[in-house]
Amino acid sequence: MRFHLALTLQALWTGVCQAAMQHYPAAWGHYDVCKSQIYSDEGLTWDYMACQPEAADMTQYLKVTLDPPNITCGDPPETYCALENPYMCNNECDASTEELAHPPELMFDIEGRNPTTFWQSTSWKKYPKALLVNITLSWNKTIELTDDIVLTFESGRPEQMVLEKSLDYGRTWQPYQFYATDCLDAFTMEPKTVQDLTQHTLLDIICTEDYSRGYVWKYDKTVRFEIKDRFALFAGPRLHNMASLYGQLDTTKNLRDFFTITDLRVRLLRPATGATMVDENNLSRYFYAISDIKVQGRCKCNLHANSCVYDKEKLSCECEHNTTGPDCGRCKRNYQGRAWSAGSYLPIPKGTANICIPNNIGPVTRVCDNELLRCQNGGVCVNNVRCTCPSTYTGLLCEKARCESELGGCGGPNSGQAPLTPPSTSTLLLLLLLLLGSALLRQASCRPAPL
């Protein structure tokens, strides 16, 4: 079954609608077009631009795993009590009954149902042993975050929690943010909020107490990792100066990596208790339940694609600019005339495409890549592209004595020129064919591109 990720819109529609949603002018562009045809002095030709997919809800393309795997409630069936009222115990979880089951996929289903659907853990039956749950979200693809990560808890919000990220498909992890009712006690960290961050401390990992007072603020169910507030440190409070943000993302690798992930992990360390003491006589009051997780982002395509496809449970960029790979991270075969480079947001609004160019054109003609076309007179072949000649020789194959072009030629006793090693007849013939082919290629590159 094939699923297609619609991550692109027509340029006009995007410029009008997305600008209204994100509160910054369309004049700065959204990098939704990779190339367009223009008329130049050479006729109709391609104008290449940096491009990227539109942002989308990425939770519909992830795989979720829980650790421990048997932490979901319902096997065996279990009855739960309300946190604020230990005598109201009418919530049942039974994995064998659809209406009473709470599997992990309910964290990502359509919201707005009545009653609310949610995933739920087993209760804290083994207190005082910690009730620990790891929820891992994996995309098997590099993702760039574009909006806040939001978790909505159906139970009280956890008193201790860590949000972590991976950039290498779950092999290593690093913290994004710590959450606790008491940061000093839980993580020996001073409590902070995202409002305490500056442009210079944006990459700092903080512990916040804003989202962990689940019982006191029982109607506040969300826990956030604030992406847009961090964007606003460069782009302004309404993201009106995206030019500044794009410039920073373009020139500061660590900043761009900060908003880039392949996996997310939610580590639930202590459920809401609503008090300083745990009621050991009624442990069915304590558990985790999540009704929704939102992750907004786009496929990372290194500014070489404006769409991303979901096929056979795998995301991949539809690469432009003669690039290839899941993230458009290398040049296509026969388009390695120069080293691959990511596209650039600058200059705004079109950026720089940094396209991969074909082999064997212009100054990158390959001259020493086979047995017959070898560098002469001590020359060294560099990357099968060109000969590096000794100081007294020149030419594509170092076949010419440099002194031939000097006054007096090479005949004088003080010319310093060693006897030449003449190339073979077959080598000279191939050299002439190579030069002729190079000239024809340069001539062809000046013709208008076909429609």
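Residues numbered from 1 in each chain as written. Predicted model: local features only at pLDDT ≥ 70, side-chain atom pairs only at ≥ 80, totals over all residues. Heavy atoms only, no water.

Participant: Give me the lowdown on the overall build of the protein chain, citing residues and values where you can.
Facilitator: Across its full length, the protein chain holds six helices and 24 strands. Counting every position in the protein chain, which comprises 451 residues, the buried fraction comes to 45%. A separation threshold of at least 6 residues defines the contact pool for the protein chain, and within that pool the share at least 24 residues apart is 65%. (Helix = DSSP H or I, 4+ residues; strand = E, 2+ residues; numbered from the N terminus. Buried < 20%, exposed > 50% of the residue type's maximum accessible area, 1.4 Å probe, protein only. Contact = heavy atoms within 4.5 Å.)

Participant: Any chance you could break down the side chain of Glu144 for me, citing the residues and the numbers?
Facilitator: Position of Glu144 relative to the elements: it lies in strand 8 (residues 133-145). On the accessibility criterion, Glu144 (10% relative accessible area) is buried.

Participant: Explain the state of the cysteines to me, using residue names and the numbers behind them.
Facilitator: In this structure the tally under the stated criterion is eight disulfides. For Cys299, the disulfide goes to Cys308, at an S-S distance of 2.1 Å. Measuring the twist about the S-S bond at about -80°, one finds the Cys299-Cys308 disulfide to be left-handed. Classification of Cys299 as buried rests on a relative accessible area of 0%. In this model, Cys319 is linked to Cys328 through a disulfide, with the two sulfur atoms separated by 2.1 Å. Judged by the torsion about the S-S bond (-100°), the Cys319/Cys328 disulfide is left-handed. We classify Cys319 as partly exposed; its relative accessible area is 24%. (Disulfide = S-S within 2.5 Å.)

Participant: If you had to explain the nonpolar core to someone new, which residues and values would you point to?
Facilitator: It is characteristic of soluble globular proteins that their nonpolar side chains tend to be buried jointly. Within the largest apolar cluster, 66 residues are counted, with the highest numbers of intra-cluster contacts made by Trp119, Ile135 and Trp139. Looking at this core element by element, the count peaks at six residues for strand 8. Residue contacts for Trp139: discarding those within four places in its chain leaves Met58, Tyr61, Leu62, Ile261, Thr262, Asp263, Leu264, Val295 and Leu315. Core analysis: the next-biggest nonpolar cluster, separate from the first, contains eight residues, Val162, Phe187, Met189 and Cys207 among them. (Core = buried A, V, L, I, M, F, W, Y, C linked by side-chain atoms within 4.5 Å.)

Participant: So what's going on with unusual backbone geometry? Residues and values would help.
Facilitator: Between Asp67 and Pro68 the backbone carries a cis peptide bond, its omega angle lying at 5°. Positionally, Pro68 belongs in the loop between strand 4 (63-67) and strand 5 (78-80). Residue Pro347 is reached from Leu346 by a cis peptide bond, and omega for that bond is -5°. Following the sequence through the fold, Pro347 ends up in the loop between strand 20 (330-331) and strand 21 (380-382). Its identity is not glycine, yet Tyr169 carries a phi of approximately 60°, on the positive side. Within the element layout of this structure, Tyr169 appears in the loop between strand 10 (160-166) and strand 11 (174-180). On the accessibility criterion, Tyr169 (39% relative accessible area) is partly exposed. Positive phi outside glycine occurs at Asn354, with the angle close to 50°. Residue position: Asn354 is located in the loop between strand 20 and strand 21. Using a relative accessible area of 27% as the deciding quantity, one classes Asn354 as partly exposed.

Participant: Account for the packing of aromatic side chains, with residues named and values stated.
Facilitator: Summed over all chains, the structure comprises 14 aromatic pairs. With 4.6 Å between their ring centres and 10° between their planes, Tyr246 and Tyr345 make a pair best called stacked. Taken together, the residues span a long stretch of sequence, with Tyr246 in helix 4 (residues 242-251) and Tyr345 in the loop between strand 20 and strand 21 at a distance of 99 residues. For Tyr246, a relative accessible area of 5% puts it in the buried group. Residue classification places Tyr345 among the buried residues on the basis of a relative accessible area of 4%. What links up through ring pairs into an aromatic cluster is the set Tyr176, Phe225, Phe231, Phe258 and Phe259. Lying across the ring of Trp46, Lys35 places its NZ or CZ 4.5 Å from the centre. The ring of Trp173 carries the charged tip of Arg265 above its face, separated from the ring centre by 4.3 Å. (Phe/Tyr/Trp six-rings, centres within 6.5 Å; stacked < 30°, edge-to-face > 60°. Lys NZ or Arg CZ within 6 Å of the ring centre and 35° of its normal.)

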